[in-house]
Amino acid sequence: MTTTAITAPPPEKAPARTRAGGGLWRAVRGNRKAMAGAVILLVFTVVAAFPGLFTSVDHPDEANFAPRLAPSTAHLLGTTALGQDIYSQLVYGTRESLVIAVVAGALATVLSVIVGVSAAYLGGLADDLLSLLTNVVLVIPAFPLVIILAKYAGKGSLTVILAVLVLTGWSYGANQLRAQALSLRNRDFLESARVRGERRSYIIVCEVLPTMTSLIVANFLGAALYSVLSAAGLQFLGLGDPNSQSWGTMLYWAQNQQALQTGTPLWSIAPGLCVALLGVAFALVNYAFDEIGNPALRPVRRRRKGA
Amino acid sequence: MRFILRRLGFFLLTLWAALTLNFFIPRFMPGDPVDALVVRTRGRVSRDALEQMLTSFGFKPDQNVAVQYVDYLGHMFTGNWGRSIGQTLGEPVTKLIGGALPWTLGLVGITTVLAFVFGTLIGTVSGWRRGGALDAILPPIFVITSALPYFWVGLLLILVFSQGTGGWLPANFNYDTTIVPGFSPGFVGSVLSHAVLPAATLLITTIGGWILTMRNNMITTLAEDYVRMARAKGLGSRRIMYGYAARNAILPNLAGFAMSLGFVISGAILIEYVFNYPGIGYLLYNAVQNVDYPLMQALFMLFTVAVLVALLAVDIATVWLDPRARAKG
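Residues numbered from 1 in each chain as written. Chains lettered and ligands numbered in written order. Predicted model: local features only at pLDDT ≥ 70, side-chain atom pairs only at ≥ 80, totals over all residues. Heavy atoms only, no water.

(A) Quick look at the overall build of chain A. Looking only at helices and strands, one finds twelve helices and zero strands in chain A. Its helices and strands taken in sequence order, chain A reads α-α-α-α-α-α-α-α-α-α-α-α from the N to the C terminus. Long-range contacts, defined as pairs at least 24 residues apart, comprise 70% of the intrachain contacts of chain A with a sequence gap of at least 6. Accessible surface, chain A: about 13,200 Å² in total, of which carbon and sulfur atoms supply 63%. (Helix = DSSP H or I, 4+ residues; strand = E, 2+ residues; numbered from the N terminus. Contact = heavy atoms within 4.5 Å. Areas by Shrake-Rupley, 256 points an atom, 1.4 Å probe, with all protein chains shown as cover.)

In structure tokens, the structure reads:
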């Protein structure tokens, strides 16, 4: 326990009463906020997978139209100052933005789980070192670092952006997961597994992780939200690949061409709105998970003491 | 005491890690300041001349990396931060930072405090009136606002209050440059009107977090025995709400507040970029765009130190305020 006082300690969450899988799904279905978030995510997923279904423009980056057209039936959101169809750019941009959110969120979560749970389970010096590493990364201001890293790693290709987001996004989760794993360590069911003579790897994978599902999912959603917003910010600043198809890149070109000042505000507003919607979707599902993990926050039921 | 010393050790280690990252990232990655300068001067000045000029500012690419590293660490601590080798070629870094810092501290600092104060108040009332109108409406709204990309909120505000109203509120810079700076009503008014939109952007996107955490803390605290006892004693509800519940519910938030004060000087890069607000964040953006090592290094060190100082202050305050933490020390 070297340096746990860095953040406010995560609220002592009651270990999830839900089993992995079915329980989670039931919980999501029973919560309107979670449902709204899940629906938005589903829509974006479909658009990302089959952009061709939503627009007839195949190459949204090509300047095939008159510049600065107002919205019409031919161009639902008008055209850019460079003569591209804004709506089709939006549709084709969904994929990269969603991939960044999901992949960076997932990798950061995996890293959090590995570091957090091994710190709690190894204990001793290993715990001290891993916790120290976590806390150092947690404290170093992330966004400036992300900017500096992205700039130097070369005009941010997708891989660079993903790597940068994962490197800066795992520490918060690691801290939380370590705290929960520590509190689980001496529970009876683990003791009994140890007495049965199960291997440590079995205990961690099959006994510990399932009980931590809700916190892990919450961490994934948080990391995905962080990734969506940071990636959009990075690309907006021009630190992404300017030729990529994504909402952040659209925002960059819109800003570059002064979309707000030159009568094509939708060029800025629409991709920003999509980033916002995707972020909101993750936040809503996450908020619902908070309610699930911490019964005190549920709308109706009163808090039960202890756990 | 041991606790504080240990925290001090962590402080130094983190600072060292940040400084080291800061030193090695640019050197291990492609792109160097001479190339960047060649591009910026469009080849009108010869490469050799540029390199010589940079060397006179303290840029030594051929020197042993270990020597450079040790020199760099020393310079960071002595405040000998060198001269800019970016857009503002030759300006002392300390002067650039000194010029930008007050603007960021004023804008982001004041807004952060306001967001915390109002967020905490609203959260207290919302948690207290559990299930009331406020509690039903606010949390979902603020879950949404805190997930918005804040630079985009800034763009929207510019569109509505600056473009849409024919320039009601300025969308650029920190004050009207036609006014001579000084303590005149015109200048102060200009500074304030230029701060309205960026401050509103920050407020909208950060206040939700405080409301939600305070509300959740309140709810947890309200179930505690001492609150029940206060109720049983028949104390007035105002007294219970502020004196018993809110007073304890705010404690975990204080640490978060200190953290966010630490992030003040680095936290608003995108806002300063959107509003062309000449603060520290905008300075970092320019430094990165122009491969300005000395400026970047000094800024990044400053960001890290600010967070560490805030954390250390929290630790000391906790030990001082909370006897339980003192006993554990």
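This is not the end of the story, as more comes after the structure.
(B) Spatial organisation of the pattern of salt bridges. All names here are of chain A. Following the criterion strictly, the structure yields nine salt bridges over all chains and no others. The closest approach of N and O atoms between Glu-207 and Arg-196, which form a salt bridge, is 3.5 Å. Taken together, the residues span a long stretch of sequence, with Glu-207 in helix H9 (residues 200–211) and Arg-196 in the loop between helix H8 (188–195) and H9 at a distance of eleven residues. The buried category is assigned to Glu-207, whose relative accessible area is 18%. Among the charged side chains, a network of salt bridges with common partners joins Arg-196, Glu-198 and Glu-207. (Salt bridge = Lys/Arg side-chain N within 4 Å of Asp/Glu carboxyl O. Buried < 20%, exposed > 50% of the residue type's maximum accessible area, 1.4 Å probe, protein only.)

(C) Summary view of the interface of chain B and chain A. Listed as interface residues are 56 residues of chain B and, on the opposing side, 52 residues of chain A. Taken together, the two surfaces of chain B and chain A that pack against each other cover about 4,900 Å², and 76% of this comes from carbon and sulfur. In this structure, the connection of chain B to chain A is made through zero salt bridges. Inspection of the region where chain B meets chain A yields one residue pair in polar contact (both at pLDDT 80 or more). Broken down by element, the side of chain B that touches chain A gets its largest block of residues, ten residues, from helix H1 (residues 2–28) of chain B. A class-by-class count of the residues in the side of chain B that touches chain A yields 43 nonpolar, seven polar and six charged. (Buried area = accessible area lost by both parts, 1.4 Å probe. Polar contact = N/O pair within 3.5 Å; in protein donor to acceptor, adjacent residues only side chain to side chain. Nonpolar A, V, L, I, M, F, W, Y, C, P; charged D, E, K, R; others polar.)

(D) The arrangement of the side chain of Thr111(B) in detail. Residue and element names in this part refer to chain B. Turning to its location among the elements, Thr-111 is positioned in helix H5 (residues 93–128). The exposure class of Thr-111 is buried, given its relative accessible area of 5%. In contact with Thr-111, not counting residues within four places along its chain, are Ala-199, Leu-202 and Leu-203.

(E) Quick look at the packing of aromatic side chains. Residues and elements named next belong to chain B. Per the counting criterion, the structure on display carries 16 aromatic pairs over all chains. For the ring pair Tyr-282 and Tyr-285, a centre distance of 6.3 Å and an interplane angle of 25° mean the geometry is stacked. Of the two residues, Tyr-282 and Tyr-285 both sit in helix H13 (residues 280–289), three residues apart, roughly one turn of that helix. (Phe/Tyr/Trp six-rings, centres within 6.5 Å; stacked < 30°, edge-to-face > 60°.)

(F) Looking closely at helix H4 (residues 65–78) of chain B. All names here are of chain B. Across its 14 residues, H4 extends 20 Å between first and last C-alpha, which sits within 8% of the 20 Å expected from 1.5 Å per residue. For H4, the full list of buried residues reads Gln-68, Tyr-69, Tyr-72, Leu-73 and Met-76. What you see down the axis of H4 is that its buried residues fit within an arc of 135°, all on one side. Within H4, the exposed residues directed more than 90 degrees away from the buried face are Val-70, Phe-77 and Thr-78. At the N-terminal boundary of H4, the capping side chain belongs to Asn-64, with an oxygen 2.7 Å from the backbone nitrogen of Ala-66. One or two positions beyond H4, positive phi appears at Gly-79, with a value near 80°. (Expected span 1.5 Å × (residues − 1). Arc of directions from axis to C-beta.)

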